[in-house]
Amino acid sequence: MNTQVKEKVENSDFTNALHEWLSGEVTGHLGTYMYTDDADDHRWKDGHSAETYYLGRDDKATFNLAVNDLGIHVKSFLDLGPGGEASVLAKSVPIVKALGAKNYYPVDLSPTLANEALMTMKTSLESVGGHTIITDFFDTIPGNKERALLAIMGGTIGNFETYTNPKNLQERLSQIFSIYRRTVDENSYFLVSFDANNNGKEIVACYDNPEFGGLVRTCVQRKLDTSGFDYHVAWTPENYQLATGLKANRDQIIRFDGAEYAIEEGEYLPVLNSYRFPVFFITEAAEKAGWSPLKTWSATGRTHYMLFAAI
Ligand SMILES: C[S@@+](CC[C@H](N)C(=O)[O-])C[C@H]1O[C@@H](n2cnc3c(N)ncnc32)[C@H](O)[C@@H]1O
C-alpha cells in the first residue's frame, strides 16, 4: 500500500474538505472518504440490497445489454472506481474479455480497492497485465494511454461536489470529461453509466434507510461529533441533485481544527451527491469535452450506459 498517498488523503485532504464542508462553501464531496478506510462495511452492503435500492438491479440489467454489444476492441481498459472483488468479477472482467484488452488499470483513491481490483483481474485472466493508478479521478489522471476504453460505472460519475446552478454543473461535468479525454489517445473510447430517473419519491427511497444514514454519518464522524445532526436525503430536480447529508437539529457552534463554525438549526450540509443526470446533459458535457456519442443502452429507462468515441 502507498502509505504516503493514504496519509495525504486521510489527513490533510480530509481536514481541508471538512473545513469547506462546515463553512458550507463546498458540499457533497465527502463521499470519497467513505472508501479510504474501506473495511467490510455491512451498512454499505445492506443499504445496497434494500428492496427500494433499485439502482444495483437496474445497473446490472443495463450492463448486460452494454457488455454484449460494445463492438470495440482496444489494448487497455482504465477502470475508474472499480470497487472491490465482487464488482470486478461482475463487470470489469467481462469488459476486458469483450474488448480483448491486454492491460488493466484500476484507477482509485483507495489503494486497497485498486490493489484488490488488480489482483482479482490477474487471477481471473492470467495473461492480462497493468498496474494501479492512485488518484482522485475528479481532479486528475496521470499518464496517457493508447487505444483504451476508459469507464466509470455504477453511477459513480454523479458523486462530485454540489453545483446549484445547472450551467456551472454542466461546466464542471464537462471539465471532468475533458480530464478523461486527455488521459487517452484519439483511438479510444469512454463508457459511462448513470441513473437518469427523475421520480423523486423513488430516488429518495433508495437512500432513506438507516444503513445509508449510518454510512454517510461515519464519513464525517471520524473527526467530528455529529450528534447535533440528523441524516437527511434531499432531491432538487432543478440541478438533478440527490444529496445524502446531515441536517442540524439545533443551533450549534462546531469547533474543529482551530476554527469555529456557527450552524443554525435546519441547515443542511450534503455529504455525498448522487446526481441524476438526464441523457442530454451527459451528451452535451461529453461532446464539449471531445467525445462523440456512439451507443446508448437502458434496460428500464432509469439507468443508462453510454459509449463515446474520442474525436
Ligand atoms: C460505488 S463504487 C463503484 C464500483 C463499481 N465500478 C460498480 O460499477 O459497481 C465507487 C468506486 O469509486 C472509488 N471512488 C469514489 N470517488 C472517487 C474519487 N473521487 N477518486 C477516485 N476514486 C473514487 C471508490 O473507492 C470505489 O472504488
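All values derive from a computational prediction rather than experimental measurement. Position labels on residues start from 1 in each chain and follow its written sequence. Side-chain atom pairs in this predicted model are given and counted only at pLDDT of 80 or more, local residue features only at pLDDT of at least 70, and totals for whole chains, interfaces and linings cover all residues. Note that water and hydrogens are dropped before the side-chain values are worked out from all heavy atoms of the structure.

A. Fine view of the sheet that holds strand β6 (residues 229-236). Any two strands with at least two DSSP-identified bridges between them are counted as paired. Secondary structure elements are taken from DSSP: a helix is a run of H or I of four residues or more, a strand is a run of E of two residues or more, and numbering for both begins at the N terminus. If you trace the three strands from one edge of the open sheet to the other, you get β6-β7-β10, paired in antiparallel fashion. With one partner strand each, in any of the chains shown, β6 and β10 (268-273) form the two edges of the open sheet. Adjacent strand axes in the sheet meet at a mean angle of 35°, parallel and antiparallel pairs treated alike. As judged from the eight bridges shared by β6 and strand β7 (residues 241-248), these two strands associate in the antiparallel manner. Among the inter-strand pairings, D230 is bridged to a residue of β7, identified as K247. Every residue pair with non-hydrogen atoms within 4.5 Å of one another is taken to be in contact. To get an axis, a line is fitted to the C-alpha atoms, and for a helix only the part in contact is used. The angle between two axes follows their N-to-C directions and goes from 0 to 180 degrees. Packed onto the sheet, helix α7 (residues 200-207) meets β6 and β7 and runs at close to 150° relative to β6. The strands touched by helix α8 (residues 210-221) within the sheet are β6, β7 and β10, with β6 carrying the most contacts at an inclination of about 110°.

B. Up close: the domain arrangement of the chain. Its domain assignment divides the chain into domain 1 (31-49 + 200-273) and domain 2 (55-197 + 277-310). For every domain, the bounds stem from an assignment made automatically or drawn from a database. Taking the mean C-alpha position of each, domain 1 and domain 2 sit 26 Å from one another. The interface is formed by 14 residues belonging to domain 1 together with 20 residues belonging to domain 2. Summed over both partners, the accessible area lost on bringing two parts together, with a 1.4 Å probe, is the buried area. A combined buried area of about 1,400 Å² lies between domain 1 and domain 2, and 53% of that area is made up of carbon and sulfur atoms. Salt bridges are identified by distance alone: a Lys or Arg side-chain nitrogen within 4 Å of an Asp or Glu carboxyl oxygen. On the surface where domain 1 and domain 2 come into contact, there are one salt bridge. With a shortest N-O distance of 3.1 Å, E202 and R302 are connected by a salt bridge. A 3.5 Å cut-off defines polar contacts: any pair of N or O atoms within that distance qualifies, except that in protein one atom must be a possible hydrogen donor and the other a possible acceptor, and neighbouring residues in sequence count only when both atoms are side-chain atoms. Where domain 1 touches domain 2, the interface holds seven residue pairs in polar contact (both at pLDDT 80 or more). Elements represented by at least two residues in the side of domain 1 that touches domain 2 include exactly α7 and β10. For this classification, Asp, Glu, Lys and Arg are treated as charged, while Ala, Val, Leu, Ile, Met, Phe, Trp, Tyr, Cys and Pro are nonpolar and the rest, including Gly, are polar. The residue inventory of the side of domain 1 that touches domain 2, partitioned by class, reads seven nonpolar, four polar and three charged.

C. A look at the pairing of strand β2 (residues 103-108). Summarising burial for β2: six of the six residues are buried, a large majority. A two-sided burial pattern is seen for β2, the buried positions comprising N103, Y105 and V107 on one face and Y104, P106 and D108 on the other. Examined bridge by bridge, strand β1 (residues 76-80) and β2 share five bridges and lie parallel to one another. Across the sheet, the residue bridging to D79 is P106, located in β2. Accessible area is worked out with a 1.4 Å probe on protein chains only. A residue is then buried under 20% of its type maximum, exposed over 50%, and partly exposed in between.

D. Fine view of the site of the ligand. When at least one non-hydrogen atom of a residue lies within 4 Å of a molecule or strand, that residue is treated as near it. The ligand sits among 17 residues. The nearest are G81, K91, D108, D136 and F137. Between the ligand and the protein, one listed contact pairs a nitrogen atom with a backbone N or O atom of L109 at 3.2 Å. In the environment of the ligand, an oxygen atom lies 3.2 Å from a nitrogen or oxygen atom belonging to the backbone of G154. When the ligand sits alone it has 600 Å² of accessible area, and the protein chains cover 90% of it. Residues belonging to the shell around the ligand are distributed by class as follows: seven nonpolar, seven polar and three charged. Residue-level accessible areas treat just the shown protein chains as cover; the underlying method is Shrake-Rupley with a 1.4 Å probe.

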